[in-house]
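Residue-level structural notes
For reference, the chains in residue letters:
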Amino acid sequence: TTAAAVARELGLLPGGRLVTGPELQVMSEDRLRQDVTEISVFARVSPADKLRIVTAFQDRGYVTAMTGDGVNDAPALKKADIGVAMGITGTDVSKEAADMSLTDDNFASIVAAVEEGRGIYDNIQKYLSYLLAANIGEIALVAGASVLGLPLPLSAVQILSINLATDGPPALALAVDPPSDDIMRRPPRDVRIGIWSRPVVTLMLVAGAWSALVTLTLFTWALSNRARADAMALVFVTLVLIEFAKAYCFRSDRQSVLKRPFANRWLNWAVGSEIALLALVVYVPWLQTPMGTYSFTTGDWLIAMTGAATVLPVLDLTKRWLSRKVAPLTVDALNDGEPTV
């Protein structure tokens, strides 16, 4: 009766059922597995009952969390995908069995921890996917030139400069990217899928392939209009600008680059400083010789920036296509609009 009254105050019970321990004990495993998502409140349950409830949710494919503070909570805390023990009032047994302890015994800390964890996971994914997409583009460019019988489009120094100076700072900035505004509206990710989900891999391949296509086309055109060294310099600058554009695109594998594009101030600083460094490489005479550059005209900059800008709509269209092809789950869709407790 007490559990029902509290549940009604919280708005949990009207859409579901209440089951007590004695009722649960006579319920078969198959019946519990079938009905567990329709039951909003369990009351007067034993340690064995708690373990059965967690197992039933997991058998239905749910990522299950369990909170507890007593010795009798330990089996369910251990079984759950994440067990959360009370750090102040919890027993030593419950803390040992749990994956996380709340040092302030405040349930709101669980929400903050989930948000922080999702943000860190996303940033690791952004960091790695951006670097790999950059490398795919460079490898495809060099390989494509070789297949077409063209000379190498980049010198060794230029390749090292792109890998170390150009890709490094933006990648580090992506590692501290602020979380997206929908991060807590997503359901738990499938634990069977690693960091390389299909949308992320597709985005990487498209970014790398388009980068190679743009630079290879530009190199082929430039060879017929200017000296080889100048063509290589044009490809080098264009590829650097493409990497900057891709850094902003890889802030999310779901949202458009136009949504809060400059929210990451560290990325803005990284790209801004790299653009200043690129200008020095292009216009300072004693840097031009080792880097194989020359003083660009306005037309050269327009060509390079136009080629780099094409990456933005291509990746945005890819994200839109992926969102329709692989519709992202939401918490409401996962639970058919009803809260699962």
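Residues numbered from 1 in each chain as written. Predicted model: local features only at pLDDT ≥ 70, side-chain atom pairs only at ≥ 80, totals over all residues. Heavy atoms only, no water.

The subject of this paragraph is a nonpolar patch on the surface. Side chains of I120, I124, L128, L132 and W196 sit close together on the surface and give an oily, nonpolar patch of about 410 Å² of accessible area. For L132, the location among the structural elements is in helix α7 (residues 108–147). (Patch = residues over 30% accessible without salt bridge, like charges linked within 9 Å, V, L, I, M, F, W, Y side chains within 5 Å. Areas by Shrake-Rupley, 256 points an atom, 1.4 Å probe, with all protein chains shown as cover. Salt bridge = Lys/Arg side-chain N within 4 Å of Asp/Glu carboxyl O. Helix = DSSP H or I, 4+ residues; strand = E, 2+ residues; numbered from the N terminus.)

On to the sheet that holds strand β3 (residues 65–68), then. The strand order across the open sheet formed by three strands is β3-β4-β5, and the pairing between neighbours is parallel. Each having just a single partner strand, β3 and β5 (100–102) make up the two edges of the open sheet. Adjacent strand axes in the sheet meet at a mean angle of 25 degrees when their direction is disregarded. Together, β3, β4 (82–86) and β5 form the strand contacts of α7, whose direction differs from that of β5 by roughly 135 degrees. (Pairing = 2+ DSSP bridges. Axes fitted to C-alpha atoms, helices over the stretch in contact; angles between N-to-C directions. Contact = heavy atoms within 4.5 Å.)

As a further point, take the pattern of salt bridges. Following the criterion strictly, the structure yields 14 salt bridges and no others. Across the pair R251 and D177 runs a salt bridge, and its minimum N-O distance is 2.8 Å. Of this pair, R251 sits in the loop between α11 (228–249) and α12 (265–283) while D177 sits in the loop between α9 (168–174) and α10 (198–223), placing them 74 residues apart in sequence. Here D177 falls in the buried class, since its relative accessible area comes to 5%. D300 serves as the salt-bridge partner of R226, at 3.1 Å between the closest nitrogen and oxygen. With R226 in the loop between α10 and α11 and D300 in helix α14 (residues 298–309), the pair connects residues that are 74 residues apart, well separated along the chain. Given a relative accessible area of 6%, D300 falls into the buried group. If you follow the salt bridges from partner to partner, you end up with R17, R31 and D35 in one network. (Buried < 20%, exposed > 50% of the residue type's maximum accessible area, 1.4 Å probe, protein only.)

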